[in-house]
Amino acid sequence: MPRLAYLGPEGTFTEEALRLLDPTAERLPCANVPAALNAARSGEADGAVVPLENSIEGAITTTLDEFAWGEPLLITAELLLPVEFSLLARPGTEIAHIKRVYTHPAAITQCRAFVSRELPGAVVVAAPSTAAAAQEVSLPGSPYDAAIAARIAGEHYGLVELASRVGDRSDTVTRFVRVSRPCALPEPTGSDRTTLVVFLADDRPGALLAMLTEFSVRGVNLTRIESRPTGDGIGRYFFHFDFEGHVADARVGEAIAGLHRICGEVRFLGSYPRADGVAPVIKRGTADTEFAEAADWLERIRAGRV
Ligand SMILES: O=C(O)C(=O)C[C@]1(C(=O)O)C=C[C@@H](O)C=C1
């Protein structure tokens, strides 16, 4: 039974994602995403489950930065979780008296319209996680009047639900990934995703275009691209890519090898099955068989067999 670290405490969306990814795993709640990933790195846990992107908020930058800088980890699975928020408070609280709301920053962004419409004048404070907010609000003497979290967190910490579905959209989805210390990759399934971090060799005109060309000429479709500051000064960025396909696919392998040739550093973060099961459209000339046939042909002409 694997031991998986996650953003705790009990009742976070990350815990729900973990339960769905591996119902039998032993769960190790951690105070934040870096702590969960470090538990996986140190061996305290066999792996970790962390949020990576949200359909409203976009990338979870703490996760992206941890993947880029910390000891290498590999993504082995992903999960798309619909997220539904509730306004939770201690029994007896009236909505009109709520002055201070506590929740995770991602939830603040996703519930902005509800807060300004229903809780005008309330201050919203950032919590380490939605469940940490619910846990804090449950304490007698808490400085917060309400939390925004999953309904299950309210049940867990003895809060009442003052309003349900308080997210600005009803179709919000967060993408979670399971990571491990470097290990054998999941087998290709025909519906896979690959994640990379790329550092430029030097800052020059067309550097981004050159990277994108490696994908484009091989028919590799990107599903996410993000630039993140390196910390070395204004204008210094590195890039995060998600794209369709598995590193075992010829077109993906060749694109990554191309990036390795032209970039400063390429950090491979894994190839793993896509949660939505979508298979890529293979452009003419980019199938494995076509790459193999072209390599045979090259070998023949190099041997003078024209
Ligand atoms: O606080 C939680 O419950 C989390 O699991 C974190 C998190 C996030 O980082 O995006 C996960 C899903 C929601 O989008 C809000 C918060």
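On a predicted model such as this, the values are computed, not experimentally measured, just so you know. (Residues numbered from 1 in each chain as written. Predicted model: local features only at pLDDT ≥ 70, side-chain atom pairs only at ≥ 80, totals over all residues. Heavy atoms only, no water.)

A. Spatial organisation of the sheet that holds strand β6 (residues 86–89). Pairing is mixed across the open sheet formed by 5 strands, whose spatial order is β8-β7-β9-β6-β10. Edge positions in the sheet fall to β8 (123–126) and β10 (160–163), since each of these pairs with one other strand and no more. When strand polarity is set aside, the average angle formed by the axes of neighbouring strands in this sheet is 35°. In this structure, β6 lies alongside β10, joined through 3 bridges in antiparallel fashion. (Pairing = 2+ DSSP bridges. Helix = DSSP H or I, 4+ residues; strand = E, 2+ residues; numbered from the N terminus. Axes fitted to C-alpha atoms, helices over the stretch in contact; angles between N-to-C directions.)

B. Broad picture of a negative patch on the surface. A surface patch of like charges, here negative, comprises Glu 290, Glu 293, Asp 296 and Glu 299. Inspection of the secondary structure assignment puts Glu 299 in helix α10 (residues 288–302). On the basis of relative accessibility, which here comes to 57%, the residue Glu 299 falls in the exposed class. (Patch = residues over 30% accessible without salt bridge, like charges linked within 9 Å, V, L, I, M, F, W, Y side chains within 5 Å. Areas by Shrake-Rupley, 256 points an atom, 1.4 Å probe, with all protein chains shown as cover. Salt bridge = Lys/Arg side-chain N within 4 Å of Asp/Glu carboxyl O. Lys, Arg positive; Asp, Glu negative; His and termini not counted. Charge placed at Lys NZ, Arg CZ, Asp CG, Glu CD. Buried < 20%, exposed > 50% of the residue type's maximum accessible area, 1.4 Å probe, protein only.)

C. Representation of helix α2 (residues 33–42) within the structure. For α2, the full list of buried residues reads Val 33, Ala 36, Leu 37, Ala 39, Ala 40 and Arg 41. Between the side-chain oxygen of the N-cap and the backbone nitrogen of Ala 35 there are 2.8 Å, and the N-cap of α2 in question is Asn 32. Where α2 terminates, the next one or two residues include Gly 43, which has phi positive at roughly 95°. (Polar contact = N/O pair within 3.5 Å; in protein donor to acceptor, adjacent residues only side chain to side chain.)

D. Molecular detail of the packing of α2 against helix α3 (residues 61–69). Direction vectors running N to C along α2 and α3 enclose 30°, while the axes themselves pass 9 Å from each other. Compared by their axis directions, α2 and α3 come out roughly parallel. In terms of crossing hand, the pair formed by α2 and α3 is right-handed. Contact with α2, carried on its side by Val 33, Pro 34, Leu 37, Asn 38 and Arg 41, involves Thr 62, Thr 63, Glu 66 and Phe 67 of α3 and no other residues of that element. In the contact of α2 with α3, the residues fall into 4 nonpolar, 3 polar and 2 charged. (Parallel < 35°, antiparallel > 145°, perpendicular 65-115°, else oblique. Left-handed = near helix turned anticlockwise from the far one by under 90°. Contact = heavy atoms within 4.5 Å. Nonpolar A, V, L, I, M, F, W, Y, C, P; charged D, E, K, R; others polar.)

E. Local environment of the site of the ligand. Around the ligand sit 14 residues, and of these Phe 13, Thr 14, Gln 110, Thr 130 and Thr 174 come closest. Separating an oxygen atom of the ligand from a side-chain N or O atom of Thr 14 is a distance of 2.5 Å. Structurally, the ligand is housed in the largest cavity. Residue assignment for the shell around the ligand shows that the elements contributing at least two residues are α1 (13–21), β3 (47–54), α4 (105–110) and β11 (173–180). For the shell around the ligand, a count of residues per class yields 6 nonpolar, 8 polar and no charged. Looking at which domains feed residues into the shell around the ligand, each of domain 1 (1–82 + 173–182) and domain 2 (86–163) gives three or more. (Near = heavy atom within 4 Å. 1 Å grid on protein atoms, 1.4 Å probe; cavity = no way out; pocket = protein on both sides within 12 Å on 5 of 7 lines; lining within 4 Å. Sits in = over half its atoms within 2 Å of the grid points. Domains from an automatic or database assignment.)

F. Main features of the domain arrangement of the chain. Domain parsing of the chain yields domain 1 (1–82 + 173–182), domain 2 (86–163) and domain 3 (184–306). Here the C-alpha centre of domain 2 lies 24 Å away from the C-alpha centre of domain 1. Taken residue by residue, the interface counts 11 residues in domain 1 and 15 residues in domain 2. Summed over both sides, the interface between domain 1 and domain 2 buries roughly 990 Å², with carbon and sulfur atoms accounting for 63% of that surface. Considering only residue class, the side of domain 1 that touches domain 2 consists of 5 nonpolar, 4 polar and 2 charged. (Buried area = accessible area lost by both parts, 1.4 Å probe.)

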